[in-house]
Amino acid sequence: MSVQTMTKTSPPSGQQPLTQPDMSATVYRILIAISLVHLFNDSIQSVIPAIFPILKSSMHLTYTQIGIISFAINFTSSIMQPVVGWFADRKPTPALLPIGMGFTFTGMLLMAFATTYPAVLLAVVFVGLGSAAFHPEGSRVSHMASGTRRGLAQSIFQVGGNAGQSLAPVLTMWIFIPLGLFGSIWFTVIAAAGIAVQIFIARWYGNRLRTGAYQKKKTQARQLRPEVRSRVRFAIVLLVLLVFVRSWYSSSISTFFSFYLMENFHLSVSDAQVYIFLFLAAGAVGTFFGGPLADRFGKRNMIFCSMILAAPLAILLPYANLFWSGVLLAIIGLIVFSSFSVTVVYAQMLFPGKIGTVSGLITGLAFGMGGLGALVLGKWTDIVDITTVMQICSFLPLLGILTYLLPSDKLLNRWSEGTEA
């Protein structure tokens, strides 16, 4: 735990002096708390695709209808995240943190009693709204508590989310397979715990805002030379494309690979979920180590390696036997997700001072593109077959070669300092 150095600020006449925290200190208790809530939030959100096989059999859904459910939750989240981030950049609102988890609580309560396809869609929209409210402000809290270790802080924050995603297949085996959709009622307990932790974080967040230290840091960070803006715009468009590619690939695995395993290796729903767990759990490990590695070797380099090193393994995956499928899934997850938090920090470097907007754009885009990918992949699978779709998706990580068109970390720093156009 870090010990913050506090300094006195001069208050208006008649008021108590405010203590201003040392902005260079890393506040680990807040990072761990926000990571824990990220685990709660994403474990709840990720059980939606994990229960697709159950929904498909119990409600007699097509692959296209499954894709629509995935699209509904992810697109809701992706559309609202940049909006929430933009609003919070203008008016930071700590109360959004517990409010967002309240939406998630409502969504899982509705899911527990859903008996029709439209009811399921309504429930997942509430879960998507909760995620949209949480991620931009959660990323801002991580940034505020990071001190000088932004890569590490973002990794601690994101590893909670990826760990939550990895738990979804296990929770499906333990809760949804024996209980059906009513098992969602147990996730309202998790959401309630998340609300309690969010209240604690929101109080710290509000105190930081009242000291004025963060606002001063934010104002200073907004300085950007006008002549580099066109190059920054190109970089963010390219970064968005890379997030798009990574999200489509990860969505193909987390949403549809269990169907591939069930069809080609005749696994049960429970056994297929174990393989998805391997992919997502390894991804959580990769997320944690990706940030510190990026702090040392460069964020652009980390984004490049996470896709190019995974590419040959991804191409081999659809042709592997059952044993090697598990091995390859774990290695691919470890590599691909190592750039998850790094992408957010890199985007924040492109647009200093717009933490909420940029974080909402990148994380929201990751969910939204994943949802759009699931919709398209579901339609393709109904038209052709699951094996062909997996073979096509295996080539997506090759597009990571485009990463080297991004500006280097050193160039981004010089742009921010105004020392090079």
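Rules behind the numbers
- Residues numbered from 1 in each chain as written.
- Predicted model: local features only at pLDDT ≥ 70, side-chain atom pairs only at ≥ 80, totals over all residues.
- Heavy atoms only, no water.
- Helix = DSSP H or I, 4+ residues; strand = E, 2+ residues; numbered from the N terminus.
- Buried < 20%, exposed > 50% of the residue type's maximum accessible area, 1.4 Å probe, protein only.
- Contact = heavy atoms within 4.5 Å.
- Areas by Shrake-Rupley, 256 points an atom, 1.4 Å probe, with all protein chains shown as cover.
- pLDDT = per-residue confidence, 0-100.
- Phe/Tyr/Trp six-rings, centres within 6.5 Å; stacked < 30°, edge-to-face > 60°.
- Patch = residues over 30% accessible without salt bridge, like charges linked within 9 Å, V, L, I, M, F, W, Y side chains within 5 Å.
- Salt bridge = Lys/Arg side-chain N within 4 Å of Asp/Glu carboxyl O.
- Core = buried A, V, L, I, M, F, W, Y, C linked by side-chain atoms within 4.5 Å.
- Axes fitted to C-alpha atoms, helices over the stretch in contact; angles between N-to-C directions.
- Parallel < 35°, antiparallel > 145°, perpendicular 65-115°, else oblique.
- Left-handed = near helix turned anticlockwise from the far one by under 90°.
- Nonpolar A, V, L, I, M, F, W, Y, C, P; charged D, E, K, R; others polar.
- Expected span 1.5 Å × (residues − 1).
- Polar contact = N/O pair within 3.5 Å; in protein donor to acceptor, adjacent residues only side chain to side chain.

Undergrad: Sorry if this is basic, but what is going on with the overall build of the chain here?
TA: Helices and strands together make up the secondary structure of the chain, namely 17 helices and two strands. A total of 421 residues make up the chain; the buried ones form 57% of that total. A fraction of 83% describes how many contacts in the chain between residues 6 or more apart in sequence connect residues 24 or more apart. As presented, the chain carries roughly 16,700 Å² of accessible surface, and 69% of it is formed by carbon and sulfur atoms.

Undergrad: Honestly, the confidence of the model for the chain in this entry has me stumped. Any pointers?
TA: Parts of the prediction with low pLDDT should not have their coordinates interpreted in detail. With 87% of its residues at a pLDDT of 70 or more, the chain shows a mean pLDDT of 81. The weakest mean pLDDT in the chain belongs to strand β1 (residues 6-8) at 46; the strongest belongs to helix α12 (residues 311-316) at 96. Note on residues 1-10: pLDDT is under 50 here. Beyond four places in sequence and across chains, it has 27 contacts. In the model, residues 216-222 has pLDDT below 50 throughout and makes 10 contacts with residues more than four positions away in sequence or in other chains.

Undergrad: Looking at this structure, how should I read the packing of aromatic side chains?
TA: Two numbers describe a pair of aromatic rings. These are the distance of the centres and the angle of the planes. All told, the structure shown has 14 aromatic pairs when counted by the stated rule. Geometrically, the ring pair formed by Phe-134 and Phe-157 is tilted, given 5.9 Å between the ring centres and 45 degrees between the ring planes. A residue pair is termed long-range when its members are at least 10 positions apart, and Phe-134 in helix α5 (residues 117-144) and Phe-157 in helix α6 (residues 150-179) qualify at 23 residues. With respect to burial, Phe-134 and Phe-157 carry one shared label: buried. Ring geometry for Phe-337 versus Phe-340: centroids 6.2 Å apart, planes at 35 degrees, classification tilted. According to the relative accessible area criterion, Phe-337 is buried, its value standing at 6%. Feature note: the residues Tyr-63, Phe-256 and Phe-259 constitute an aromatic cluster, connected by ring pairs.

Undergrad: Help me out: how do you make sense of a nonpolar patch on the surface in this one?
TA: A cluster of nonpolar side chains, contributed by Val-285, Phe-288, Phe-289, Leu-293, Phe-297 and Leu-334, occupies part of the molecular surface with about 530 Å² of accessible area. Counting residues per element, the nonpolar patch draws most heavily on helix α10 (residues 269-297), which supplies five residues. With relative accessibility at 39%, the residue Val-285 sits in the partly exposed group.

Undergrad: Even after reading the chapter, I still don't get unusual backbone geometry, so can you show me in this structure?
TA: With the exception of glycine, the majority of residues adopt a negative phi angle, and the majority of peptide bonds are in the trans configuration. Located in the positive-phi region is His-60, a residue other than glycine, with phi close to 55 degrees. The phi angle at His-266 is positive, at roughly 55 degrees, despite the residue not being glycine. Considering the arrangement of structural elements, one finds His-266 in the loop between α9 (229-265) and α10. His-266 gets classed as exposed once you look at its relative accessible area, which sits at 70%.

Undergrad: Honestly, the nonpolar core in this entry has me stumped. Any pointers?
TA: Considering soluble globular proteins, one finds that nonpolar side chains tend to be buried as a cluster. Of all hydrophobic cores here, the largest spans 108 residues; its most connected members are Leu-55, Ile-69, Leu-239, Phe-257 and Ile-332. Among all residues touching Ile-69, those that are not within four sequence positions of it are Ile-48, Phe-52, Leu-55, Leu-61, Tyr-117, Val-120, Leu-121 and Val-124.

Undergrad: Explanation requested: the environment of Leu-309 in the structure shown.
TA: With respect to the helices, strands and loops of the structure, Leu-309 is situated in the loop between α11 (299-308) and α12. The class of Leu-309 is exposed, set by a relative accessible area of 52%. Along the sequence, Leu-309 and Val-336 sit 27 residues apart, while their C-alpha atoms lie 8.4 Å from each other.

Undergrad: Help me understand the pattern of salt bridges, please; the structure alone is not making it clear to me.
TA: Think of it this way: side chains of opposite charge can pair up when their charged atoms draw near. This model, assessed by the stated rule, comprises two salt bridges. In this structure, the salt-bridge partner of Asp-295 is Lys-299, at a minimum N-O distance of 3.6 Å.

Undergrad: Help me understand the packing of α10 against helix α13 (residues 322-336) in this model?
TA: As a packed pair, α10 and α13 sit with axes 6 Å apart at the nearest point and diverge in direction by 25 degrees. Judged by the inter-axis angle, α10 sits roughly parallel to α13. For the pair α10 and α13, the sense of crossing is right-handed. Between α10 and α13, the residues in contact are Tyr-275, Leu-278, Phe-279, Ala-282, Gly-283, Val-285 and Gly-286 and Leu-322, Gly-326, Leu-329, Ala-330, Ile-332, Gly-333 and Leu-334, respectively. Its residues assigned to classes, the contact of α10 with α13 shows 10 nonpolar, four polar and no charged.

Undergrad: Any chance you could explain helix α4 (residues 96-112) here in plain terms?
TA: Each α-helix winds once per 3.6 residues, and so residues spaced three or four apart point in a common direction. Compared with the 24 Å implied by 1.5 Å per residue over 17 residues, the 25 Å span of α4 between its first and last C-alpha is a close match. For α4, every residue scored as buried is listed here: Leu-96, Leu-97, Pro-98, Gly-100, Met-101, Thr-104, Gly-107, Met-108, Met-111 and Ala-112. If you follow the buried residues of α4, they end up packed against α1 (28-50), α3 (63-90), α5 and α7 (185-211).

Undergrad: In this structure, what is going on with the environment of Gly-130? I would like to understand it.
TA: Considering the arrangement of structural elements, one finds Gly-130 in helix α5. Non-local contacts of Gly-130, meaning those with residues more than four positions away in its chain, are made with Asn-41, Gly-100, Phe-103 and Thr-104.

Undergrad: Any chance you could explain the side chain of Arg-208 here in plain terms?
TA: Relative to the elements of secondary structure, Arg-208 occurs in helix α7. Within polar-contact distance, the side chain of Arg-208 engages the backbone oxygen of Met-144 at 3.2 Å.

Undergrad: Hey, could you run me through the environment of Ser-35 in this one?
TA: In this fold, Ser-35 is placed in helix α1. With relative accessibility at 9%, the residue Ser-35 sits in the buried group. Not counting chain neighbours up to four residues away, the residues in contact with Ser-35 comprise Ile-156, Phe-157, Val-159 and Gly-160.

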